[in-house]
Amino acid sequence: MSHLVIAPVIFPLIAATALLLTRRAVPLPARRLLNLGAVAVEVLLAALLVPSVAEGAILIHTLGNWPAPYGIVLVADRLSVWMLLITSLLAFFALLYAVRGTDAGSRHFHPLFQLQLFGLSGAFLTGDLFNLFVFFEVLLLASYGLLLHRGGPERTRAGLHFVALNLAGSTLFLFAVGTLYAMLGTLNMADLAVKAAAAPPENLGVMRAAGLLLFGVFALKAALVPLYLWLPAAYSATSAPVAALFAIMTKVGAYGILRVYTLIFGDQAGPLADLIEPWLLPLALTTMVVGSLGVLSAAELRRQVAYLVVVSVGLLLTAFGLGSGPSISAGLYYLAHTTFAAAALFLLADVIAMGRGDLQDRLDPGPVIANAKLIGGLFFVTAILVSGLPPLSGFLGKYLVLRAAAGTASMPWVLGIILTAGLLGVVALARTGSLLFYRAEAPPDAPPIVGPNWGRLMPVIGLLTLCLLLVVGAGVLTDYTRETAGQLLQPGNYIRAVLGDAPGD
Amino acid sequence: MEALIALIVGVLTACGVYLALRGRTFPLVLGLTLLSYAVNLFLFVTGRLTVALPAVISEEAAGYADPLPQALVLTAIVISFGMTAFLIMLALKARAELGTDHVDGQRGGSGPR
């Protein structure tokens, strides 16, 4: 039993409580430092887990020392730690941007931010299906607060839709969990995998229904067609650092799909094996098509970025939907890239919107932005990243997915749609860039040129540096993701680690 | 008794879905509440229907009721209670800020009243 596994879950909770209790006593600058420090510690905690899981160990923490499957377990394998590390790094840069003024106006921004991280870490680490539901609710409730931060009619309307949809999703999740429990009598995911493989034939229909219901829930979180409509409104209406943090939210759904359908309904599940295979790939490809059309038709920059997130979800789930080791490995690499790149673009869109006065981020010709060369350069680099042109990490991720698709029966569709979506993305971003930076005209009463807003640009540059590191360290990282995919496709080790672990050792 | 419970869950779900699809926030809140009632009842009976059986160990018990669904449903009730309270506050905020109780914020929109 490893106690380090629970640290990434418990630490944000303590930090959130501390930030909540000190919300009146401690001045805002000190609380900003406190929160930044807490997120830095979370990055460190996730990094501390890496060496042990990278060698293939699966770390288990049994809560209250109750042995699985009776107690709740936290499980850290390669996938969980990969997600944790991405989340905490993303959160650090999103918060670095938020402390430049977004967090003012409500004392609860910082506690909510930590609670969001608490829910995310818990969801990635838990080994219990009902616990996964609880952590989903924790992260959703925190996200409602963050989404509505500083209010405004547009945000309220988007928030109302987001909350109502997710409440309906939670109900479906509970129905699915209840059905699985009624059929199998357990909620521990490793135990579910064992019991599902040995389910009596008369129960298979109901279990298939429960499995597909669960897929519906994860598809809603991941914004898969046809359940993606909430995303552009919610992401474009909220404040920039929150939208940047939400770049990981769709990946929670993708994580759920990957975890549940490789473990419980994986190849070993007998008649229930590959339950969602006929659905996932076509839906993911449709998501890319619909998202690309949204990218082309968006009239505001932030909405365009939100649609780019939809496209990236499509590509990510295409990689997972192909279901082979290399494709899952490529998907995991792409996941890291797209999270950082989308967050950088959200932050940059906010900087651009602030430089355009009343025009905000509407895609109409407008005034010259202060420091247009620097911001335009950053936009250029980010656009290359997001649209997947060489030589940056977007290209590498996309190339890995394409290579994994080669030789499969669905290759023509995958190849055609990924490349077309990439082209449409380039066209849309090139149009946006030229409109924002080339067709801009300096108004007669030109405002004085102010120095670069380094405080707001640093987080963007930080996220872009992470993407650069993804390219530089591609060899090491793809080794890691390849081993992760191998671990996921061999759930036997996971099951043995959870169920075979004697309590107290 | 199974048929009765199944019927209740079904009717609650149907009413919940119908109300949740309305265009005003008040029926929406009611609909989601009914859905959460339905799922709570459903969770409660996933441990099978039993009468007068203890959930904790007792010496003269002939059998046991499954205690886990009771714990699950307690968690689910608390969560849905909190979420409903949040949704009501949000609906009130939307009414105040958008000037209408239509879910899309359209004034006097074409949605059902």
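Because the structure is a prediction, the values reported are computed rather than measured. (Residues numbered from 1 in each chain as written. Chains lettered and ligands numbered in written order. Predicted model: local features only at pLDDT ≥ 70, side-chain atom pairs only at ≥ 80, totals over all residues.)

Participant: Give a detailed account of the overall build of chain B, specifying residues and quantitative values.
Facilitator: Summing up its helical and strand segments, chain B has three helices and zero strands in all. Each helix (α) and strand (β) of chain B, taken in turn from the N terminus, gives the series α-α-α. A compact globule built from 113 residues should have a C-alpha radius of gyration of about 13 Å, whereas chain B, at 19 Å, is more than 25% larger. Projected onto its principal axes, the C-alpha coordinates of chain B cover approximately 65 × 25 × 15 Å. Scored against the burial criterion, the 113 residues of chain B give a buried share of 29%. Across chain B, contacts joining residues at least 24 apart in sequence account for 52% of those joining residues at least 6 apart. (Helix = DSSP H or I, 4+ residues; strand = E, 2+ residues; numbered from the N terminus. Rg over C-alpha atoms; globule rule 2.2 N^0.38 Å. Buried ≥ 20, exposed ≤ 12 C-beta atoms within 10 Å, placed from the backbone. Contact = placed C-beta atoms within 7 Å.)

Participant: Explain the overall build of chain A to me, and be specific about the residues and the numbers.
Facilitator: Broken down by element type, chain A carries 20 helices and two strands. Along the longest, intermediate and shortest principal axes, the C-alpha atoms of chain A span 80 × 60 × 40 Å. Counting the 505 residues in chain A, one finds 58% classified as buried. Put simply, of all contacts in chain A between residues at least 6 apart along the chain, 80% involve residues at least 24 apart.

Participant: I'd like to hear about the interface of chain B and chain A, residue by residue, with values.
Facilitator: Contact with chain B, which involves 24 residues of that partner, is made by 19 residues of chain A. In terms of residue count, the dominant contributor to the side of chain B that touches chain A is helix α3 (residues 67–98) of chain B (13 residues). Residue composition of the side of chain B that touches chain A, grouped by class: 18 nonpolar, four polar and two charged. (Nonpolar A, V, L, I, M, F, W, Y, C, P; charged D, E, K, R; others polar.)

Participant: Tell me about the environment of Tyr399 of chain A, and name the residues and values.
Facilitator: As for its position among the elements, Tyr399 of chain A is in helix α16 (residues 393–405). Each C-alpha atom of the pair Tyr399 of chain A and Val41 of chain A lies 34 Å from the other, and the pair is 358 residues apart in sequence.

Participant: I'd like a description of the confidence of the model for chain A, backed by residues and values.
Facilitator: Parts of the model with low pLDDT should not have their predicted coordinates read in detail. The predicted model of chain A has a mean per-residue pLDDT of 91, with 97% of residues at 70 or higher. For chain A, the element scoring lowest by mean pLDDT is helix α20 (residues 491–499) of chain A, at 90; helix α4 (residues 109–125) of chain A scores highest, at 96. (pLDDT = per-residue confidence, 0-100.)

Participant: I'd like to hear about the packing of α4 of chain A against helix α5 (residues 129–147) of chain A, residue by residue, with values.
Facilitator: Residue and element names in this part refer to chain A. It is at 8 Å that the axes of α4 and α5 come closest, and there the two elements cross at 155 degrees. The orientation of α4 relative to α5 falls into the category roughly antiparallel. Both α4 and α5 take part in a crossing whose hand is left-handed. Mapping the contact onto sequence places Leu112, Phe113, Leu115, Gln116, Phe118, Gly119, Leu120, Gly122 and Ala123 in α4 and Leu132, Phe135, Phe136, Val138, Leu139, Ala142, Ser143, Gly145 and Leu146 in α5. Split into classes, the residues belonging to the contact of α4 with α5 amount to 13 nonpolar, five polar and no charged. (Axes fitted to C-alpha atoms, helices over the stretch in contact; angles between N-to-C directions. Parallel < 35°, antiparallel > 145°, perpendicular 65-115°, else oblique. Left-handed = near helix turned anticlockwise from the far one by under 90°.)

Participant: Before we move on, could you go through unusual backbone geometry and cite the residues and values that matter?
Facilitator: Cis peptide bonds are those with omega within 30 degrees of zero, and the linkage from Val225 of chain A to Pro226 of chain A qualifies with 0 degrees. Turning to its location among the elements, Pro226 of chain A is positioned in the loop between α8 (204–222) and α9 (230–237). Put simply, Pro390 of chain A and Pro391 of chain A share a cis peptide bond, and its omega is 10 degrees. Looking at the element boundaries, Pro391 of chain A is found in the loop between α15 (372–387) and α16. Even without being a glycine, Asp274 of chain A presents a positive backbone phi close to 50 degrees. Looking at where Asp274 of chain A falls in the secondary structure, it is placed in the loop between α11 (249–263) and α12 (277–297). For Asp274 of chain A, a count of 13 C-beta atoms within 10 Å gives the class partly exposed. Of note, the phi angle at Ala52 of chain B is positive, near 55 degrees, even though the residue is not glycine. Relative to the helices and strands, Ala52 of chain B resides in the loop between α2 (25–44) and α3.

Participant: So what's going on with helix α19 (residues 474–489) of chain A? Residues and values would help.
Facilitator: Residue and element names in this part refer to chain A. The first and last C-alpha atoms of α19 sit 22 Å apart over 16 residues, in line with the 22 Å expected at 1.5 Å per residue. Residues of α19 that are buried include every one of Leu477, Tyr480, Thr481, Thr484, Ala485 and Leu488, and no others. Across the axial projection of α19, the buried residues extend over an arc of 140 degrees, all falling on one side. Set apart from the buried face of α19 by more than 90 degrees, the exposed residues are Gly475 and Val476. Of the surrounding elements, those touching the buried residues of α19 are α2 (28–54), α3 (78–98), α11, α14 (325–354) and α18 (454–472). (Expected span 1.5 Å × (residues − 1). Arc of directions from axis to C-beta.)

Participant: Any chance you could break down the nonpolar core for me, citing the residues and the numbers?
Facilitator: Residue and element names in this part refer to chain A. With 223 residues, the main nonpolar core has Leu90, Leu224 and Ala343 as its most contacted residues. In terms of residues, this core owes the most to one element, α14, which gives 19 residues. Discounting residues that sit within four places of it in the chain, Leu90 has contacts with Leu245, Ala247, Ile248, Thr339, Phe340 and Ala343. (Core = buried A, V, L, I, M, F, W, Y, C linked by C-beta atoms within 7 Å.)

Participant: How would you sum up the confidence of the model for chain B? Please name residues and give values.
Facilitator: All names here are of chain B. Summary statistics for chain B give a mean pLDDT of 88 and a share of 94% for residues scoring 70 or more. Within chain B, the lowest mean pLDDT, 92, falls on α3, and the highest, 95, falls on helix α1 (residues 2–20). In the predicted structure, residues 109–113 sits below a pLDDT of 50 and forms eight contacts with residues beyond four places in sequence or in another chain. Two numbers describe this predicted complex: its pTM, 0.93, and its ipTM, 0.92.

Participant: Please provide a residue-by-residue account of the pairing of strand β1 (residues 59–62) of chain A, values included.
Facilitator: Residues and elements named next belong to chain A. Where burial is concerned, the two faces of β1 agree: the one with Leu59 and His61 and the one with Ile60 and Thr62 are both buried. For β1 and strand β2 (residues 73–76), the ladder comprises four bridges, and the chain directions are antiparallel. Directly across from His61, in β2, lies its bridge partner Leu74. (Pairing = 2+ DSSP bridges.)

Participant: Can you break down the packing of α3 of chain A against α19 of chain A residue by residue, with the values?
Facilitator: All names here are of chain A. Contact pair α3 / α19: the axes reach a minimum separation of 9 Å and the direction vectors enclose 135 degrees. One way to sum up the angle between α3 and α19 is to call them oblique. Contact with α3, carried on its side by Arg78, Leu79 and Trp82, involves Tyr480, Glu483, Thr484, Gln487 and Leu488 of α19 and no other residues of that element. By residue class, the composition of the contact of α3 with α19 is four nonpolar, two polar and two charged.

Participant: Which residues make up the environment of Pro201 of chain A, and what are the values?
Facilitator: If you trace the backbone, Pro201 of chain A turns up in the loop between α7 (189–197) and α8. Along the backbone, Pro201 of chain A and Pro271 of chain A are 70 residues apart, and their C-alpha atoms lie at a distance of 8.5 Å.

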